[in-house]
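Reading the structure
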Amino acid sequence: GHPCRMLEIPVPAGQSREVGRCRVSQWSSLSFDPSGRSLFYVDAPMRGAPEGIFRLDLDNGRVSAVTHPGRGRGSVSDGFPAVSPDGRELLYSRTTESIRVEVRVLALANGIDRLIAAFDGFDVFTAWSKDGQTIFLARSSDTGGDKSLWAYPLSGGNPRRILTTGDHIGRLSAGPNGLPAMEMSYPGGQLVAVTPHSGRPPKQIPSGGL
């Protein structure tokens with residue numbers, strides 16, 4: 001029932017410390033820039049206003065608005081910020097009143113905001129590739145039946161379908177050599193192993209009923 005608190009903790013162990021607080025939102029999603037000196041997060045400027053993406057300067061605590069969802073026609077909220085590996089662009093999702101999800105990239109230096117893809121009635125999750133040249137995009141629809149993983153080249157051109165599955169695909173994370181990791185929903189929470197680039201179906205791993 002309170003605005004979220006953002007904490008930082010050393011890895012693999014250490015004491016956490018608060019670095020910032022949301023003004024309104026009870027939860028947020030976060031992304032460091034590559035320098036580690038700025039944190040991008042989701043919040044609303046005031047109660048009843050659309051959620052947007054803000055930047056917290058960790059050196060001085062200054063907060064500035066990065067996206068402005070209220071300016072777009074029918075906009076509801078911006079979320080899931082992800083800073084590009086070179087720190088120049090911000091990948092994020094915009095959700096509108098018509099259950100439309102737009103995947104957008106914002107150039108942080110000049111504010112140029114461009115549409116990468118848009119979907120109606122889909123859950124959408126995205127992640128940068130490690131080289132910053134590709135956007136991995138997972139889309140899942142319970143009504144349309146399409147649950148798939150795609151690669152969108154940042155330079156333009158047609159996206160490439162990587163995987164089609166019968167199960168819901170969730171959040172993504174990119175690793176070295178162009179490999180993405182993803183959450184997948186299986187009945188009963190079955191743990192599986194996937195062999196990259198093999199085309200073989202996931203192999204179930206016995207989990208002792210857990």
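Keep in mind that what you see is a predicted model, and the values were worked out from it rather than measured.

Conventions and cut-offs
- Residues numbered from 1 in each chain as written.
- Predicted model: local features only at pLDDT ≥ 70, side-chain atom pairs only at ≥ 80, totals over all residues.
- Heavy atoms only, no water.
- Pairing = 2+ DSSP bridges.
- Helix = DSSP H or I, 4+ residues; strand = E, 2+ residues; numbered from the N terminus.
- Axes fitted to C-alpha atoms, helices over the stretch in contact; angles between N-to-C directions.
- Phe/Tyr/Trp six-rings, centres within 6.5 Å; stacked < 30°, edge-to-face > 60°.
- Buried < 20%, exposed > 50% of the residue type's maximum accessible area, 1.4 Å probe, protein only.
- Lys NZ or Arg CZ within 6 Å of the ring centre and 35° of its normal.
- Core = buried A, V, L, I, M, F, W, Y, C linked by side-chain atoms within 4.5 Å.
- Contact = heavy atoms within 4.5 Å.
- Polar contact = N/O pair within 3.5 Å; in protein donor to acceptor, adjacent residues only side chain to side chain.

All right, on to the sheet that holds strand 13 (residues 147–153) then. Backbone hydrogen bonds hold the strands of a sheet together, and the pairing may be parallel or antiparallel. The strand order across the open sheet formed by 4 strands is 11-12-13-14, and the pairing between neighbours is antiparallel. A single partner strand is all that each edge strand has here, and the edge strands are strand 11 (123–128) and strand 14 (160–164). Recorded for the sheet is a direction-independent mean angle of 20° between the axes of neighbouring strands.

Bringing the packing of aromatic side chains into the picture now. Applying the stated criterion across every chain yields a total of 3 aromatic pairs. Seen from their ring centres, F80 and F125 are 5.8 Å apart, and the 70° between their planes marks the pair as edge-to-face. Here F125 lies in strand 11 and F80 lies in strand 7 (residues 75–83), a separation of 45 residues in the sequence. What makes F125 buried here is its relative accessible area of 18%. Looking at R139, its charged tip hangs above the ring of F122, at a distance of 5.5 Å from the centre.

Among the nonpolar cores identified, the biggest contains 15 residues, and L91, F119, V124, W128, I135, L137 and Y152 are the most heavily contacted of them. Those elements giving two or more residues to this core turn out to be strand 9 (100–107), strand 10 (113–120), strand 11, strand 12 (134–140) and strand 13. Per-element accounting of this core gives the leading share, 3 residues, to strand 9. When residues no more than four places from it in sequence are discounted, the contact partners of V124 are V101, V103, F119, L137, A138 and R139. With 9 residues, the next largest nonpolar core counts A127, A138, L149 and A151 among its residues.

In this section: the pairing of strand 9. Counting buried positions along strand 9 yields 7 of 8 residues, so the element is predominantly enclosed. Pairing geometry for strand 8 (residues 89–96) and strand 9, over 7 bridges, is antiparallel. What sits directly across from L90, in strand 9, is L106. As consecutive antiparallel partners, strand 8 and strand 9 are separated by 3 residues, and within that stretch I99 has a phi angle of approximately 55°, a positive value. Where strand 9 lies against strand 10, 7 bridges are found, and the strand directions are antiparallel. Pairing of L106 across the sheet is with D113, part of strand 10. Count of turn residues in the strand 9/strand 10 antiparallel hairpin: 5 residues, of which G111 carries a positive phi of about 80°.

On to the side chain of K147, then. Turning to its location among the elements, K147 is positioned in strand 13. Within the structure, K147 has its side chain in polar contact with the backbone oxygen of S141 (distance 3.3 Å). With near-sequence residues (within four places) excluded, K147 lies in contact with R139, S140, S141, D142, L163, T164, T165, G166, D167, H168 and I169.

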